[in-house]
Amino acid sequence: MSDPVRRFYDHAHQIFDLSQAQQALEWDQQVLMPSGGVEQRAHQLSALAAAVHDRVADPAYGDLIAELEASADPAGPLRDDLREARRAHDRAVKIPRRLVEARAEACSLAQAAWEEARPASDFAAFRPHLERVLELTGELADAAGGAHRYDALLDDFEPGMTEAQLRLVFDDLKGRLVPLLEALRGAPRRPDETLLARRFPVAGQQQFCRQVIGDMGFDWNRGRLDVSAHPFTSGTMHDVRLTTRYLEDCLPSAVFGAIHEGGHGLYEQGLDPARYRDPAGQPGSMGLHESQSRLWENLIGRSRAFWAHYYGPLQAACPGVLDGVAPDAFYRAVNAVTPSLVRVEADEVTYNLHIILRFDLESDLLAGRIAARDLPGRWRAGMKQYLGLEPADDRLGVLQDIHWAAGLIGYFPTYALGNLYAAQFMEQMRRDLPDLDPRLARGELGVVKAWLNRNIHRHGRSWPAQELCRRVTGAALSAEPLMRHLRAKCAEVYGL
Ligand code: ZN
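This one's a predicted model, so the numbers in the text were calculated from it and none came from an experiment.

1. Regarding the overall build of the chain
At step 1: Broken down by element type, the chain carries 20 helices and three strands.
At step 2: Relative to the globule expectation of 23 Å for 496 residues, the C-alpha radius of gyration of the chain, 22 Å, shows essentially globular dimensions.
At step 3: With the principal axes as the frame, the chain shows a C-alpha extent of 70 × 50 × 45 Å.
At step 4: A burial count over the chain gives 57% of its 496 residues as buried.

2. So, the sheet that holds strand S2 (residues 233-236)
At step 1: Strand order in the open sheet formed by three strands is S1-S3-S2, with mixed pairing between adjacent strands. Looking at strand neighbours, the two that pair on one side only are strand S1 (223-227) and S2, the edges of this open sheet. Strand-to-strand twist of the sheet, defined as the mean angle between neighbouring strand axes without regard to direction, takes the value 15 degrees.
At step 2: Two strands pair when backbone bridges link them, and S2 and strand S3 (residues 239-244) are joined in this way by four bridges, in the antiparallel orientation. Paired with Ser234 across the strands is Arg241, a residue of S3.
At step 3: Packing of helix H1 (residues 3-31) onto the sheet brings it into contact with S1, S2 and S3, and relative to S2 it is tilted by some 145 degrees.

3. What to know about the coordination of the zinc ion
At step 1: Note on the zinc ion: its protein donors are His260 (NE2), His264 (NE2), Glu290 (OE) and Glu290 (OE). The metal-donor distances range over 2.0 to 2.6 Å.
At step 2: Coordination at the zinc ion is irregular, judged from the four donor atoms that bind it and the angles of 52 to 148 degrees they form at the metal.
At step 3: Along the chain, the residues that donate to the zinc ion are spaced as H-x3-H-x25-E. With His260 and His264 both in helix H10 (residues 251-269) and four residues apart, the pair spans about one turn of that helix.

4. Observations regarding helix H3 (residues 59-69)
At step 1: Burial in H3 covers these residues: Tyr61, Gly62, Leu64, Ile65 and Leu68. Along the long axis of H3, the arc covered by the buried residues comes to 160 degrees, so they all point the same way. Exposed positions of H3 whose direction lies more than 90 degrees from the buried face are Pro59 and Asp63.
At step 2: Residues of H3 that are buried in the fold lie against H1, helix H2 (38-57) and helix H4 (77-92).
At step 3: Measuring from the backbone nitrogen of Ala60 back to the side-chain oxygen at the start of H3 gives 2.9 Å, which picks out Asp58 as the cap.

5. Details of helix H8 (residues 163-185)
At step 1: Here H8 contains 23 residues, and its C-alpha end-to-end distance of 32 Å stays within 8% of the 33 Å for a straight helix at 1.5 Å per residue.
At step 2: Within H8, burial applies to Glu163, Leu166, Phe170, Leu173, Lys174, Leu177, Leu180, Leu181 and Leu184.
At step 3: Those residues of H8 hidden inside the fold are in contact with helix H7 (149-157), helix H14 (351-366), helix H15 (375-387), helix H16 (413-432) and helix H20 (480-494).

6. What to know about the domain arrangement of the chain
At step 1: Here the domain parsing of the chain yields domain 1 (3-125) and domain 2 (163-494).
At step 2: If you average the C-alpha positions of domain 1 and of domain 2, the two centres end up 27 Å apart.
At step 3: The interface of domain 1 with domain 2 comprises 29 residues on the first partner and 38 residues on the second.
At step 4: At the boundary of domain 1 with domain 2, total buried surface from both sides reaches about 2800 Å², with 59% on carbon and sulfur atoms.
At step 5: When the buried area of domain 1 at its contact with domain 2 is split by residue, Trp27, Trp114 and Phe123 rank highest and sum to 27% of it.
At step 6: Across the contact surface, domain 1 and domain 2 share three salt bridges.
At step 7: A salt bridge links Arg461 to Glu84; the shortest N-O distance between them is 3.5 Å.
At step 8: Viewed at the interface, domain 2 and domain 1 are joined by 13 residue pairs in polar contact (both at pLDDT 80 or more).
At step 9: The set of elements that each furnish at least two residues to the side of domain 1 that touches domain 2 consists of H1, H4 and helix H5 (97-120).
At step 10: The biggest single contributor to the side of domain 1 that touches domain 2 is H1, with 11 residues.

7. Some details on the packing of H1 against H3
Angle between the axes and distance between the axes are the two parameters that describe a pair of packed helices.
At step 1: Relative to each other, H1 and H3 sit at 135 degrees, their axes nearing to 10 Å. If you check the angle between H1 and H3, you find them oblique. Of the two elements, H1 crosses H3, and the hand of that crossing is left-handed. Contacts between H1 and H3 involve Pro4, Val5, Arg7, Phe8, His11, Ala12 and Ile15 from the first element and Tyr61, Leu64, Ile65, Glu67 and Leu68 from the second.

8. Considering unusual backbone geometry
At step 1: The phi angle at Ser121 is positive, at roughly 55 degrees, despite the residue not being glycine.
At step 2: With respect to the helices, strands and loops of the structure, Ser121 is situated in the loop between H5 and helix H6 (123-144).
At step 3: Backbone geometry places Met237, a non-glycine residue, at a positive phi of 50 degrees.
At step 4: Relative to the elements of secondary structure, Met237 occurs in the loop between S2 and S3.
At step 5: Classification of Met237 as buried rests on a relative accessible area of 1%.

Rules of the game
Residues numbered from 1 in each chain as written. Predicted model: local features only at pLDDT ≥ 70, side-chain atom pairs only at ≥ 80, totals over all residues. Heavy atoms only, no water. Helix = DSSP H or I, 4+ residues; strand = E, 2+ residues; numbered from the N terminus. Rg over C-alpha atoms; globule rule 2.2 N^0.38 Å. Buried < 20%, exposed > 50% of the residue type's maximum accessible area, 1.4 Å probe, protein only. Pairing = 2+ DSSP bridges. Axes fitted to C-alpha atoms, helices over the stretch in contact; angles between N-to-C directions. Contact = heavy atoms within 4.5 Å. Donors = N, O, S within 2.8 Å, 3.2 Å for Na, K, Ca; no water. Tetrahedral: all angles 85-135°; square planar, octahedral: opposite > 155°, others 65-115°. Arc of directions from axis to C-beta. Polar contact = N/O pair within 3.5 Å; in protein donor to acceptor, adjacent residues only side chain to side chain. Expected span 1.5 Å × (residues − 1). Domains from an automatic or database assignment. Buried area = accessible area lost by both parts, 1.4 Å probe. Salt bridge = Lys/Arg side-chain N within 4 Å of Asp/Glu carboxyl O. Parallel < 35°, antiparallel > 145°, perpendicular 65-115°, else oblique. Left-handed = near helix turned anticlockwise from the far one by under 90°.

Written out as structure tokens, the structure is:
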């Protein structure tokens, strides 16, 4: 390795390692840290954010990238790493360090405030923190440039995607989902969802979640599963942290939450071990990341073949709770489509409408069409319009997600994109593995992991997300596979 190449990778790896240290502290804040540690942690995260920013924006790093760009083999991995490093560097030099520090501190404090405000349904207590995060995020978007503020934020999560493109995709999706939802209202038979609200002992749920995640192929020597207010995944490769939350009277929350995070975890553990610290060796877009979690959660975890195997182990983990419930009734219950207030517990059809509501609000906030104080009212109006429901309080409304407190504005759309990617990947997986269902019914989840490792995980960021989609499935990203899946599932479950 020539000297400039070695210096480039040393620098890039240092950026990566500091970012991972940030994630470890964020995990700790949400899982273990005593509440008194809030301000101290905010200082630490702010210092680390500044340290990362300094290294990404370092002019010497920019010179090194430019020097190597002139000579790198266009087909080699170095070229991919330089492209990713260039993108991050060009963005970082436009953003002042003090803004990065201020935003990291504000987000850390806002998350702590959200954790207190949510159970108390106290939007007024959270509002000043949210206003601060929104103000700094708007400044960040302006500094990063681009025609629209929202595009500048999207670039962090789904490079190349724009607000205008998303608007088209979401309008199309809305136009298909709303009629499907209406058709279900008049369906001849409805699943009985109340059986999922029986009392499932938390210890049994924990045992079952660990069994499924282990069977998916999650390596427990390189990862953990813990509890947090909002399920998430952090870390990568040799140390991946998953969280979920257990509610005694809501089985899907923990089970599908854990499978979802397990899907994220497998992506991180499945990257190329020789390249995971390199700029292009890391996971692709967040839409791709969400495709991995949503594929496991919905396309595998809610499938008939999956429950043909796992219904028995669930009954064994929670003895007596499901006595007298036929496997078919259970399968139909976990696939019920019912407009509900909470996104993370939403079914596959209404989930995307929850995302579209958040996208509308974020877009209006950043364009200055509404302010933070308008959010609770706008939330209720949007829920009524899309799902015919209004939350009784803000805990089940505008305060339900951590994302805005964490500064993740522009992130929500990646969940819906993830659903689209996931359905398209799944169709390809079924073409490649014609015996998939019998194998799932035998509990052979490893076959799914192997396919994803080979087709998605190992490639890191070698190509932009939409290009990877074309290479894997032979077609551009489309809403068709998701709609085919949803129509078939609803026809089966509702007898339409
Ligand atoms: Zn996720």
